[in-house]
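Structural overview for review
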Amino acid sequence: MKNKRRWRYLGSFALLATVTVGVITADYLRFLHGPMRVNADSPRTFVIEPGTSVQGIANELAREGLFDRPLYFRLIARATGAATRIQAGEYAIQPGSTPYRLLQKIVAGEVKQYRITLIEGWTVAEMLDAIWAHDAIEPTLEGESPDSIMERLGHPDLHYEGRFFPDSYQFPRGTRDIDLLQRSFARMQHVLEEEWQAREEGLPIDTPAEALTLASIIERETGVPEERARIAGVFVERLERGMRLQTDPTVIYGLGEEYQGDIRYRHLREDTPYNTYTRAGLPPTPIALSSREAIHAALHPDRRGDLYFVSTGDGRHVFSETLEQHNQAVIEYQLDGNADRLRGR
C-alpha cells in the first residue's frame, strides 16, 4: 500500500510538473513571439547606451511598459548568446514588433535610420544649412568656412561649390556632418567619373570639372527634365562659336548677398568672375549641386542649332536659332513694358 501511495504521489507530482512546465513554456513562447505594447499611431524608439547589459535593457523595456516578464527577455538573450553581442544605438519599435524580433535587431545593429535630401540646384551654403538644421546629425563643422571644410575632407585643392551629390541619404542618429559630406562628395566623384567616361566626343569641354560647371548652370536654368539636353545644346553651340553664355544664374551667383531676388540690367553689366555677360567661356567653378541627369545632359547635348532660349513663365523655355527670333520670344513672354529689359542671350 505504501508503495502504491508513493507511486501515486510521484505520478501526481510528475503530472503537476509537466503541466507547470507546459504552462511556463507556453507563456514563455507567447512572450517571445507576441506583440509588444506599441500603439499603431505612435511607434516607439529605444536607446541603448554603450555598455548597457541585457538585464538593464530588459528592465528598462519593462519600465517603459513595452512588455512584462523582463526575466524571459534575459533568458532568451543568454540562451542564444545574444547577451554578449548587444549593439548600442537607437532602435525603432514598430507596432507588431515582438521581443524576439527586437532582440534580433539589437544584435544585428539595425538602428533607426534618418533621412536627409540634398536638392539639386542648391548651393553649398544651402546644403550646409539643411545638414546643420537636422537634429539627428552631429555638427562638427558648424562655423567653418566651405574652404576649411574641403580641407577637412582632404581636398584643399578643389573649390567646394558643386562637389557634393544631391540625393537622399539615410543615417543613424549621431552621424557626424563630416561623414555625411564625405559620402556625398565620394558619390559625386563616382557619378562624374562614370559620366565623363561615357561622354560624347568633340565637345568644347576639356575636363570633368568643366562638365560639372556646365551641368550646374543647366540645373539652375530649368527644372523640366526633358529640356536639360537642349539647353546644354545651346551652351555648347555658344562655346564652340566663341559667344558668351549670357546666363542669369551665373550672374546671380556672382552677386552673392547683393542679389535680393530680382536681377536688373545693371547687374548684367557688373563684372564678376561669374558674369557670363561680361566674360567669355565657363565661369571658374560650378554654381550649384548638379544631378546625374544634368551632368549627362552637359556631356550629351541636344544640338539643333539653337543659340537662345527664353522662359515662358511656367518653367519651360522657347528656343531660337537667331537673335531676331529670340527677341520676338522675349517680347511675347518676358517684356514688361520696359524696352531696356530686352536682352539677347
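Anything mentioned here points back to the structure above.
Below you will find a few notes about this structure. (Residues numbered from 1 in each chain as written. Predicted model: local features only at pLDDT ≥ 70, side-chain atom pairs only at ≥ 80, totals over all residues. Heavy atoms only, no water.)

A separate point is the overall build of the protein chain. On a plain count of helices and strands, the protein chain comes out with 13 helices and eight strands. Of the contacts made within the protein chain by residues no fewer than 6 positions apart, 64% connect residues no fewer than 24 positions apart. Surface summary for the protein chain: the accessible area is close to 18200 Å², and the carbon and sulfur share equals 49%. (Helix = DSSP H or I, 4+ residues; strand = E, 2+ residues; numbered from the N terminus. Contact = heavy atoms within 4.5 Å. Areas by Shrake-Rupley, 256 points an atom, 1.4 Å probe, with all protein chains shown as cover.)

Backbone geometry places R69, a non-glycine residue, at a positive phi of 60°. With a phi angle near 50°, Q246 is a residue other than glycine that sits in the positive phi range. Structurally, Q246 can be placed in the loop between helix 9 (228–241) and helix 10 (248–255).

By size, the foremost hydrophobic cluster in this structure holds 53 residues, and its most contacted members are I116, M127, I131, F164, L181, F235 and I295. Counting residues per element, the ones that place at least two in this core are strand 3 (113–117), helix 5 (124–133), helix 6 (146–152), strand 5 (168–172), helix 7 (177–197), helix 8 (208–221), helix 9 and helix 12 (292–299). One finds Y28, F31, F67 and V107 within the second-largest nonpolar core, a separate group that totals 25 residues. (Core = buried A, V, L, I, M, F, W, Y, C linked by side-chain atoms within 4.5 Å. Buried < 20%, exposed > 50% of the residue type's maximum accessible area, 1.4 Å probe, protein only.)

Quick look at the packing of helix 2 (residues 54–63) against helix 3 (residues 70–79) now. As a packed pair, helix 2 and helix 3 sit with axes 8 Å apart at the nearest point and diverge in direction by 150°. Relative to helix 3, the element helix 2 is oriented roughly antiparallel. Here helix 2 runs over helix 3; the crossing is right-handed. Taking contact as the criterion, the partners of V54, Q55, I57, A58, N59, L61 and A62 in helix 2 are, on helix 3, P70, F73, R74, A77 and R78. Tallied by class, the residues present in the contact of helix 2 with helix 3 amount to eight nonpolar, two polar and two charged. (Axes fitted to C-alpha atoms, helices over the stretch in contact; angles between N-to-C directions. Parallel < 35°, antiparallel > 145°, perpendicular 65-115°, else oblique. Left-handed = near helix turned anticlockwise from the far one by under 90°. Nonpolar A, V, L, I, M, F, W, Y, C, P; charged D, E, K, R; others polar.)

Moving on to the pattern of salt bridges. Going through the model one piece at a time under the given rule, you end up with 19 salt bridges. In this structure, the salt-bridge partner of R176 is D179, at a minimum N-O distance of 2.9 Å. Classification of R176 by relative accessible area gives partly exposed; the value is 37%. With a closest N to O distance of 2.9 Å, E195 and R292 form a salt bridge. With E195 in helix 7 and R292 in helix 12, the pair connects residues that are 97 residues apart, well separated along the chain. A residue is classified by how much of its surface remains accessible, and R292, at 23% relative accessible area, is partly exposed. Residues participating in the shared-partner salt-bridge network are E237, E240, R241 and R303. (Salt bridge = Lys/Arg side-chain N within 4 Å of Asp/Glu carboxyl O.)

With that out of the way, let us pick up the side chain of T278. By the element assignment, T278 lies in the loop between helix 11 (265–269) and helix 12. At 2.6 Å, the side chain of T278 and the side chain of D271 are in polar contact. A distance of 3.2 Å separates a polar atom in the side chain of T278 from the backbone oxygen of N275. Dropping the residues within four chain positions of it, T278 is found in contact with R244, L268, R269, D271 and T272. (Polar contact = N/O pair within 3.5 Å; in protein donor to acceptor, adjacent residues only side chain to side chain.)

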